[in-house]
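# Structural characterization, general
One-letter residues, chain by chain:
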Amino acid sequence: MQNLLLNLNPEQLAAVTLPPQNALILAGAGSGKTRVLTTRIAWLIQTGQVSPAGILAVTFTNKAAKEMLTRLSAMLPINTRGMWIGTFHGLCNRLLRTHYRDAALPQSFQILDSQDQLSMIKRLLKANNVDDEKYPPKTVMYFINNHKEQGLRATQIEPYDAIERKLVELYDLYDQQCQREGVVDFAELLLRTYELLSRNQPLREHYQQRFRHILVDEFQDTNNLQYNWLKLMAGHGAQQGGALFAVGDDDQSIYAFRGANVGNMAAFEAEFQVRNLIKLEQNYRSHGHILDAANMLIANNSRRLGKNLRTDAGHGEQVRVYEASSDLQEAQWIIEEAKNLIAEGASRSEIAVLYRSNAQSRVIEHALFSAGIPYHVYGGLRYFQRAEIKHAIAYLQLMDNPHNDSAFLRVVNFPARGIGARTLEQLQNAAETYGISLYAAVPYMVGKAGTALGGFVKLVEGVRFETQHMALPELVRVTLEASGLLAHYATEKEGADRIENLEQMVSAATQFVSEEGYGQGAPAHMGPQAEAQAGAAIVNADGVEILDADAPLATVMSPLSAFLAHASLEAGDNQAQAGQEALQLMTVHSAKGLEFDNVFITGLEEGLFPHESSSKEEGGVEEERRLMYVAITRARKRLYMCFSQTRMLHGQTRYNMKSRFFDELPEKSLKWLSPKVQSHWFANKKPTWEDAQLSGGSDNAIAQRIAQNKAGGSGWRIGESVAHAKFGEGVIVNIEGSGSNCRAQINFGSAGMKVLDLSVAKLERLGR
DNA sequence: CTAATCGAATTTTTT
DNA sequence: ATTCGATTAG
């Protein structure tokens, strides 16, 4: 036990050894947040305050859950079984599988990912002749998910106008359709569990008593439903020697756009009578100048819980700032600097290039590719989201639950088997008429269409029969073959990769089987006998028998159902690729939680970062500032920031001002590498072919530059930074006319775009 | 039923 | 610029 607490600083120690009370830990970036969380669990168990079964630890991502589990097993000699550590969705899945009857779900309910949900809504709109101009599927989805996150069912919404009335109606229809098909979306997993526990008192009390200690990671990212879910789970825990231990950082709240509510931190403090607000402000990651920059920047936000990072590491190097003339040149510069870093001995994987939006990666990728520097781009398609994998999954879903219409439609004619839109329309009408699934409606179809559809049903049934006694990996292999997917991609030109991905699914299944504790020989389809042996029965005080969702999922559901849930809940990582000695390219959002010796923050321009659409939203700029804060605090030793005078966006050249965030950073912590770039790099010399290569790669670029250089002989240039008494700083975007009749279009950022007469307007040239 | 073509949209992302 | 979806032509 002693060594558990060794090397903790006073605040960390205080947090880890808090008495069982509700607590809020304000954990700054790099302050040892995960360490505190895991050590707290280990300490609680080692001091005998709680048994592993009394621990519930909730995270947002599977990655975080895994990390916690790994660290815990290193700390604790005992096995981690019995502890519930997982994502909100993963834990809800587990609860719903066990209590499926009380939750009014089929035991092998399937989980819709966002893609499936959207396609289902599109189908619903079509079936109900809803004008999708007036009600875009995305809007409907947004409406449904939002209300689920507020804990509201369709019947509980008071529509305030005709449009909303329609949306409510669609929400209701959507839920009915899901219920018919036996599928749930992500928000539904949470809401269904919430409702189950709200209405079922014995069940609720059972879990409340069981989970004496609930720990939540990244609390600032919780949405309202998740907060209420936690409230329900915590119950009266505090009075009974239990507690809710929430760890978060309001300054790193960057997911408001997807429903996260930072306000939950303040609400938690008040509602749970938090007596222990502990701030972890000692930073173990970054050098002084980097922290100074982060602290000063974030001080510009209002409504903070208040926190200032400090370090013992010394000032370190200043933040290097560079102004480029174009996005291409910005990329060139990044590569030069990265090369220098590598030459100095930096590992490539310790160099991260961050950007605000994915579109920015192209130019940088291109430059890296030309320079022959290996790189890895985060984000993009995850394994289980690839089209061919989704197809294979759909076949498996149909074998497990043929009434999943999304799965049915995805593969009914893939590979093509002569079932077209016409046939499907008829089938959908039949299904609509009888209120049954598409699969169940097939027997009502006659003629040629009926034959084709019947063939498909026979195929699915055939594979189902053939594989009923097989272990999961074998089942997957046979399905891939029998579905015709492998044969189909074999005929395709670009099919080799897809076949490889499909074959990987067999190994994914093998791995899943061994990790989840399914006996190798267990048949992938499992009948009701699984149900009989599930979990240990618990009888509560009222004599109500409760089945604790503690048993391995293997005993509650068939391997196939479990594998399908796994595929939906854990889309597979695209970020792993560890050991790859490559530069790391990613958005600032996906950099959250990571750290690197060397970090480049690119595209620091008004309109890009902060993003232009953020200024329209309430509190939008503050969220952008937090995003910038996250970006800065990723760096350990060296931080670079850069921006560009011109940038290609959506096929058009844009002229942005440098980001307002530069004005919010301490001057003494910055080192301007391009101190007096008063003009474009080409201003003092004739553009050469190499320059054109560097900046645009085409002869056209030279012509463009020269044209810009002249700019109507007004003495001003496009792209030049200027200041105006009334509008503030701006960038010349365009110049029209010549001589005394010369007007310039100037982007004043927040003050807007203005057209000014150059002979009248008093403009001042800006240094940079 | 497939292929081609045109048009609209284009911050950030996990489950 | 590019991608994705929907409509239209073969």
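Everything quoted here is computed from the prediction, not taken from an experiment.

## Here we look at the overall build of chain A
- Along chain A, the regular secondary structure elements total 30 helices and 23 strands.
- Buried residues in chain A amount to 54% of all 768 residues.
- Surface summary for chain A: the accessible area is close to 33,400 Å², and the carbon and sulfur share equals 50%.

## Things to note about the UniProt feature "binding site: ATP" (unreviewed entry) in chain A
- Taking the numbering used here, the UniProt-annotated feature "binding site: ATP" (unreviewed entry) corresponds to Ala27, Gly28, Ala29, Gly30, Ser31, Gly32, Lys33 and Thr34.
- Tracing the backbone shows glycine 32 in the loop between strand S1 (23-27) and helix H3 (33-46).
- Judged by relative accessible area, which is 24%, glycine 32 ranks as partly exposed.
- Among the secondary structure elements, threonine 34 is positioned in helix H3.
- In this structure threonine 34 touches Glu67 and Arg71, once residues within four positions along its chain are discounted.

## Section: unusual backbone geometry
- The step from phenylalanine 414 to proline 415 runs through a cis peptide bond, and the omega angle for that step is -5°.
- Considering the arrangement of structural elements, one finds proline 415 in the loop between helix H17 (405-411) and helix H18 (421-434).
- Omega for the bond connecting phenylalanine 609 with proline 610 falls within 30 degrees of zero, at 10°, which places this linkage in the cis form.
- Of note, proline 610 is situated in the loop between strand S15 (596-601) and helix H28 (620-632).
- One non-glycine residue, asparagine 7, lies in the positive phi region at around 70°.
- Mapped onto the elements, asparagine 7 comes out in the loop between helix H1 (2-5) and helix H2 (10-16).
- Positive phi outside glycine occurs at glutamate 218, with the angle close to 50°.
- Mapped onto the secondary structure, glutamate 218 falls in the loop between strand S6 (213-216) and helix H11 (224-234).

## Description of the packing of helix H13 (residues 288-298) against H28
- Where H13 contacts H28, the axes come no closer than 9 Å and their chain directions differ by 170°. The orientation of H13 with respect to H28, classified from their angle, is roughly antiparallel. Together, Ile290, Ala293, Ala294, Leu297 and Ile298 of H13 and Arg625, Arg626, Met628, Tyr629 and Ile632 of H28 make up the contact between the two elements.
- For the contact of H13 with H28, the residue count by class is 8 nonpolar, no polar and 2 charged.

## Brief notes about the packing of aromatic side chains
- Scanning the entire structure with this criterion turns up 26 aromatic pairs.
- Here tryptophan 84 and phenylalanine 211 contribute two aromatic rings whose centre-to-centre distance is 5.2 Å and whose plane-to-plane angle is 55°, an arrangement assigned as tilted. Pair noted here: tryptophan 84 is in strand S3 (residues 84-87) and phenylalanine 211 is in the loop between helix H10 (201-210) and S6, with a separation of 127 residues, a long-range link.
- Look at phenylalanine 211 and you get buried, because its relative accessible area is 2%.
- A centroid spacing of 4.2 Å and a plane angle of 5° characterise the contact between phenylalanine 600 and tyrosine 640, whose relative ring orientation is stacked. Placement of phenylalanine 600 in strand S15 and of tyrosine 640 in strand S16 (residues 635-649) is noted, with a sequence separation of 40 residues between them. Exposure class is identical for phenylalanine 600 and tyrosine 640. Each is buried.
- Through a chain of ring-to-ring contacts, three or more aromatic side chains come together here, namely Phe219, Tyr227, Phe268 and Phe272.
- In this structure, arginine 97 packs its charged tip against the face of phenylalanine 109, placed 3.6 Å from the ring centre.
- The ring of tyrosine 255 carries arginine 258 above its face, with NZ or CZ at 3.7 Å from the centroid.

## Quick look at the pattern of salt bridges
- Inspection of the entire model under this criterion finds 42 salt bridges.
- For lysine 66, the salt bridge is made with glutamate 570, and the minimal N-O distance between the two is 2.7 Å. Linking lysine 66 in helix H4 (residues 62-75) with glutamate 570 in the loop between helix H26 (559-569) and strand S14 (583-587), this pair joins segments that are 504 residues apart in sequence.
- Lysine 66 gets classed as partly exposed once you look at its relative accessible area, which sits at 46%.
- Classification of glutamate 570 by relative accessible area gives partly exposed; the value is 21%.
- Residue glutamate 623 pairs with arginine 626 through a salt bridge whose shortest N-O separation is 3.2 Å. Note that glutamate 623 and arginine 626 are positioned in helix H28 at a spacing of 3 residues, about one turn of the helix.
- For glutamate 623, a relative accessible area of 12% gives the class buried.
- Under the relative-accessibility criterion, arginine 626 is labelled buried at 11%.
- When salt bridges with common partners are traced through the structure, they connect Lys148, Arg153, Asp175, Asp185, Glu188, Arg192 and Glu195 into a single cluster.

## Re the protein's contact with DNA strand B
- Surveying the vicinity of DNA strand B reveals 27 residues, the closest of which are Ser114, Arg356, Asn358, Gly420 and Thr587.
- One of the backbone N or O atoms of asparagine 62 is found 2.7 Å from a phosphate oxygen in DNA strand B.
- Asparagine 358 is positioned with one of its backbone polar atoms (N or O) 2.7 Å from a phosphate oxygen of DNA strand B.
- The class makeup of the residues in the surface near DNA strand B is 8 nonpolar, 15 polar and 4 charged.

## Considerations on the state of the cysteines
- All told, the structure shown has 0 disulfides when counted by the stated rule.
- With no disulfide of its own, cysteine 178 lies closest to cysteine 92 among cysteine sulfurs, the gap being 16 Å.

## Topic: the nonpolar core
- Of all hydrophobic cores here, the largest spans 62 residues; its most connected members are Ile214, Trp229, Leu230, Met233 and Phe268.
- Take this core: its biggest share by element is 7 residues, from H11.
- Excluding anything up to four places from it in sequence, isoleucine 214 contacts Leu56, Leu230, Met233, Ala234, Ala243, Leu244 and Phe245.
- Formed by 53 residues, the second largest nonpolar core is a distinct cluster that contains Tyr439, Ala441, Ala524 and Ala562.

Criteria and thresholds
Residues numbered from 1 in each chain as written. Chains lettered and ligands numbered in written order. Predicted model: local features only at pLDDT ≥ 70, side-chain atom pairs only at ≥ 80, totals over all residues. Heavy atoms only, no water. Helix = DSSP H or I, 4+ residues; strand = E, 2+ residues; numbered from the N terminus. Buried < 20%, exposed > 50% of the residue type's maximum accessible area, 1.4 Å probe, protein only. Areas by Shrake-Rupley, 256 points an atom, 1.4 Å probe, with all protein chains shown as cover. UniProt positions renumbered as here; feature names shortened; annotations may be inferred. Contact = heavy atoms within 4.5 Å. Axes fitted to C-alpha atoms, helices over the stretch in contact; angles between N-to-C directions. Parallel < 35°, antiparallel > 145°, perpendicular 65-115°, else oblique. Nonpolar A, V, L, I, M, F, W, Y, C, P; charged D, E, K, R; others polar. Phe/Tyr/Trp six-rings, centres within 6.5 Å; stacked < 30°, edge-to-face > 60°. Lys NZ or Arg CZ within 6 Å of the ring centre and 35° of its normal. Salt bridge = Lys/Arg side-chain N within 4 Å of Asp/Glu carboxyl O. Near = heavy atom within 4 Å. Polar contact = N/O pair within 3.5 Å; in protein donor to acceptor, adjacent residues only side chain to side chain. Disulfide = S-S within 2.5 Å. Core = buried A, V, L, I, M, F, W, Y, C linked by side-chain atoms within 4.5 Å.

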